[in-house]
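Here are the chains, one letter per residue:
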Amino acid sequence: MQQKPLRVLIPFFLVVVFIAFGDRFLPEPLKSASANTRQTLNQVMMGLVPNNWKPGVDPNESAEEAFEKLDEEKKK
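We now turn to the structure provided with this report. Just so we're clear, the structure is a prediction, and the values are computed from it rather than from any experiment.

Attention now moves to the overall build of the protein chain. Tallying secondary structure elements over the protein chain gives three helices and zero strands in all. The helix and strand sequence of the protein chain, counted from the amino end, reads α-α-α. Radius of gyration (C-alpha) of the protein chain: 25 Å, far over the 11 Å computed for a compact globule of 76 residues. Approximately 7400 Å² of the protein chain is accessible, and the part contributed by carbon and sulfur atoms is 63%.

Structural data, given as structure tokens:
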């Protein structure tokens, strides 16, 4: 029963090593496959986020409002 997690983790670890570092130490057919796989995954991940995406909320806006409120209270 203890071997089941290893059957999943070991191939997962090997795939991650192949994608991340395979082009540094594998022979040529696998070296280019590793580099191409990593490049394709990068393009897919970058394609998930649009180029013109902007956050809907200004992160500094609430802090600025709080400081203005404090300044008004101090003036009173």
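There is more to say, and it comes next.
Along the chain, the position of S34 falls in helix α2 (residues 28-47). Classification of S34 by relative accessible area gives buried; the value is 0%. Those residues in contact with S34 that sit more than four places away from it in its chain are F18, I19, G22 and D23.

Moving on, we come to a negative patch on the surface. Taken together, the side chains of D58, E61, E64, E65, E68, D71, E72 and E73 present a region of like negative charge at the surface. When you line up the elements, E68 lands in helix α3 (residues 61-75).

Reading guide: rules and limits
- Residues numbered from 1 in each chain as written.
- Predicted model: local features only at pLDDT ≥ 70, side-chain atom pairs only at ≥ 80, totals over all residues.
- Heavy atoms only, no water.
- Helix = DSSP H or I, 4+ residues; strand = E, 2+ residues; numbered from the N terminus.
- Rg over C-alpha atoms; globule rule 2.2 N^0.38 Å.
- Areas by Shrake-Rupley, 256 points an atom, 1.4 Å probe, with all protein chains shown as cover.
- Buried < 20%, exposed > 50% of the residue type's maximum accessible area, 1.4 Å probe, protein only.
- Contact = heavy atoms within 4.5 Å.
- Patch = residues over 30% accessible without salt bridge, like charges linked within 9 Å, V, L, I, M, F, W, Y side chains within 5 Å.
- Salt bridge = Lys/Arg side-chain N within 4 Å of Asp/Glu carboxyl O.
- Lys, Arg positive; Asp, Glu negative; His and termini not counted.
- Charge placed at Lys NZ, Arg CZ, Asp CG, Glu CD.

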